[in-house]
Amino acid sequence: MSVEVGLVGLIESSLINHDSVLFRMDEQEDVLTVLPQSTAPANPLGELLPPLTQNEVAVESARCLMCFDAPCTHACPTHIDIPKFIKKISTGNLPGSARTILESNLLGASCARVCPVQELCEGACVLGAEHKPIAIGRLQRHAMDFVYRKGVDFFAAASRTGRKIAIIGAGPAGLSCAGELAKRGHRVTLFEKRDLAGGLSTYGIIGLREPVEVALAEVAMIEKLGVKFETGKEVGADLSLADLNANFSAVFLSVGLGATPALGIPGEEHIIDGLEYIEQSKMDPDHLLIGRNVVVVGAGNTAIDCATVAKRLGASRVTMVYRRSENEMTAYPHEYDFIKREGINFSFLTQPVRVHSENGTVKSLECVRMSLGATDTSGRPSPQPVAGSEFFLAADQIVKAIGQQKPSLASQLKLKTEKGFIQVSENFATSLPGIYAGGDCIRARGAASTVMAVEDGKLAARAIHERLVAGG
Ligand SMILES: Cc1cc2nc3c(=O)[nH]c(=O)nc-3n(C[C@H](O)[C@H](O)[C@H](O)COP(=O)(O)OP(=O)(O)OC[C@H]3O[C@@H](n4cnc5c(N)ncnc54)[C@H](O)[C@@H]3O)c2cc1C
Ligand code: SF4
């Protein structure tokens, strides 16, 4: 009875508190069905792919041709020796397999889950032409999960060099750099402004792809290498670059990107920030309010994640709004296929112009139709409003996922930039002596991804180490 009373109240407010996951929204009839406790989904944002079974592992690893000069290894940004780790799996040597992965990529458990493998290793697998490519990501996850379950330690820090290095930002780039430097015997301190380390792996990538626990297990592994974590410390607010320069031999900036930019439309204060929406779905899902009729502005991977959160947590209708066409979407093709299967609606060539609300409650998003014109500076056709084409999209919740702002620390520290990103040399050195940078904050070209950030951290650590051992 108490559940029914609660639901009636929620229906009236048309927002669903996911706390009460004891209902199902019927898409056709737009009605709530109260489910018996036992059939309520355990975790609608739980990991999408189950672990491989022992049988699947045996079959899949035996299928690998162990190619010489393997194209899958070339396609991996961290160049993991893929045939070698698969061979070790096939012979039952899971610790050896995990060691092979970790030698190239310290965040092998995250990457096994979040890497766009269709575009990278699996996309390059020779078997893909006629058969199914090897499930490289899921085999990697099998080896990594084994060692995290067993708590196997692979790397001990080398004897102390006496050199101190500061790393700013504990996302994938910072963790990778910190771990690689600690392995080489340097004293590394990682300053992180949030309470938890892990960056977007902890707070930003939806649980469906990467549960928080996986990101935090990797943080713990880096800590075990001797890295000191100072969380809740923001460079630029709690400590300055001058402090760091005075106390450390080198500094690595891995601060990622900033908040979601403003849309700049009337009623913007009613729009929810997509990164906060996703963060709450991971860190505090019981208090995340989900609309019944949700509009997500944007068509990149973050927008897809926001739409997935809304749909899986109970919205009856989710519409993604994008000012260009399907052809210009920045989301990966496999993510677009995924979201179509989730039953999301799309409104392409559509630009929001105003949020309409009554007594603080969102009622609709006024939009205008767009047409595509000449190519703009982004290399894509520029969207132009079609005069008189304004229309209303009914919505009780609007989420914006239109990318992230450029790193503000760049201008604060007066670093040279390229398109707003921190400019670095091929050794990841910035325009200031002793200051290096990597990860999303330098990604002026190409798609930002976890594995690219890990590789930047690894290569920057090598460059810093070489400079320090050379006496620089
Ligand atoms: C919603 C979303 C989904 C994504 N999904 C995928 C995916 O499925 N696959 C994939 O490969 N990639 C994905 N990405 C991209 C991927 O998460 C990033 O490319 C990657 O996290 C970049 O790592 P980073 O270390 O450069 O930055 P971040 O992960 O952003 O970490 C930067 C860290 O620096 C800290 N920081 C910032 N400023 C300061 C300061 N002044 N002082 C101290 N600390 C500071 C931040 O708090 C943060 O912890 C996704 C991104 C988003 C937003
Ligand atoms: S390309 Fe495919 S078959 Fe060849 S080594 Fe890589 S995973 Fe195995």
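The structure this text deals with has already been given above.
Summary of the structure given here. (Residues numbered from 1 in each chain as written. Chains lettered and ligands numbered in written order. Predicted model: local features only at pLDDT ≥ 70, side-chain atom pairs only at ≥ 80, totals over all residues. Heavy atoms only, no water.)

**Quick word on the site of ligand 1**
Piece 1. With respect to spatial proximity, 33 residues lie near ligand 1, and among them Val114, Glu192, Leu200, Val235 and Asp440 are the closest.
Piece 2. Within the backbone of lysine 193, a nitrogen or oxygen atom sits 3.1 Å from a nitrogen atom of ligand 1.
Piece 3. Within the complex, 92% of the 1,000 Å² of free accessible area of ligand 1 lies under protein.
Piece 4. Along the lines of polarity and charge, the residues of the shell around ligand 1 split into 14 nonpolar, 11 polar and 8 charged. (Near = heavy atom within 4 Å. Polar contact = N/O pair within 3.5 Å; in protein donor to acceptor, adjacent residues only side chain to side chain. Areas by Shrake-Rupley, 256 points an atom, 1.4 Å probe, with all protein chains shown as cover. Nonpolar A, V, L, I, M, F, W, Y, C, P; charged D, E, K, R; others polar.)

**Things to note about the side chain of histidine 465**
Piece 1. With respect to the helices, strands and loops of the structure, histidine 465 is situated in helix α17 (residues 450-469).
Piece 2. Given the relative accessible area of 18%, histidine 465 is considered buried.
Piece 3. In this structure histidine 465 touches Leu181, Arg184 and His186, once residues within four positions along its chain are discounted. (Helix = DSSP H or I, 4+ residues; strand = E, 2+ residues; numbered from the N terminus. Buried < 20%, exposed > 50% of the residue type's maximum accessible area, 1.4 Å probe, protein only. Contact = heavy atoms within 4.5 Å.)

**Looking at the packing of helix α5 (residues 94-104) against helix α8 (residues 136-150)**
Piece 1. Orientation of α5 relative to α8, taken along the N-to-C sense of each, is 110°, at an axis distance of 9 Å. Comparing their axes, α8 and α5 come out roughly perpendicular. Here α5 contributes Leu94, Pro95, Ser97, Ala98, Ile101 and Leu102 to the contact with α8, which in turn contributes Gln140, His142, Ala143, Met144, Phe146 and Val147.
Piece 2. Here the residues of the contact of α5 with α8 are counted per class, giving 9 nonpolar, 3 polar and no charged. (Axes fitted to C-alpha atoms, helices over the stretch in contact; angles between N-to-C directions. Parallel < 35°, antiparallel > 145°, perpendicular 65-115°, else oblique.)

**Focus: the site of ligand 2**
Piece 1. In the vicinity of ligand 2, the contacting residues are Cys64, Leu65, Cys67, Ala70, Cys72, Pro83, Cys125, Val126, Ile134 and Ile136.
Piece 2. Among the residues making up the shell around ligand 2, the classes are represented as 10 nonpolar, no polar and no charged.

**Looking at unusual backbone geometry**
Piece 1. Phi angles above zero are rare outside glycine, and histidine 79 is one such case at about 55°.
Piece 2. Relative to the elements of secondary structure, histidine 79 occurs in the loop between α3 (71-75) and α4 (82-90).
Piece 3. A positive phi angle, near 50°, is found at asparagine 359, a position not held by glycine.
Piece 4. By the secondary structure assignment, asparagine 359 is in the loop between β13 (350-358) and β14 (361-375).

**Let's talk about helix α13 (residues 274-283)**
Piece 1. Residues Gly274, Leu275, Tyr277, Ile278, Ser281 and Lys282 constitute the buried set of α13. An end-on view of α13 places all buried positions within 160° of arc, on one side of the element.
Piece 2. The opening residue of α13, the one whose side-chain oxygen lies 2.8 Å from the backbone nitrogen of leucine 275, is aspartate 273. (Arc of directions from axis to C-beta.)

**Overview of the packing of aromatic side chains**
Remark: the centre distance and the inter-plane angle together describe each pair of aromatic rings, the angle taken between the planes.
Piece 1. Under the counting rule described, the total for this entry stands at 5 aromatic pairs.
Piece 2. Their ring planes at 90° and their centres at 6.1 Å tell us that phenylalanine 191 and phenylalanine 248 sit as a pair that is edge-to-face. Here phenylalanine 248 lies in the loop between α12 (241-247) and β7 (250-253) and phenylalanine 191 lies in strand β5 (residues 187-192), a separation of 57 residues in the sequence. As far as burial versus exposure is concerned, phenylalanine 191 and phenylalanine 248 are alike and both buried.
Piece 3. Taking the centre distance of 5.2 Å and the plane angle of 80° together, the rings of tyrosine 336 and phenylalanine 346 count as edge-to-face. Here tyrosine 336 is found in helix α15 (residues 333-341), whereas its partner phenylalanine 346 is found in strand β12 (residues 345-347), with 10 residues between them in sequence.
Piece 4. A residue is classified by how much of its surface remains accessible, and phenylalanine 346, at 24% relative accessible area, is partly exposed.
Piece 5. Through pairs of rings, three or more aromatic residues link up here, namely Tyr336, Phe346 and Phe348.
Piece 6. Of note, lysine 164 hangs over the ring of phenylalanine 248, and the distance from its end group to the ring centre comes to 5.3 Å.
Piece 7. In this structure, lysine 340 is placed above the aromatic ring of tyrosine 336, and the distance from its NZ or CZ to the ring centre is 4.1 Å. (Phe/Tyr/Trp six-rings, centres within 6.5 Å; stacked < 30°, edge-to-face > 60°. Lys NZ or Arg CZ within 6 Å of the ring centre and 35° of its normal.)

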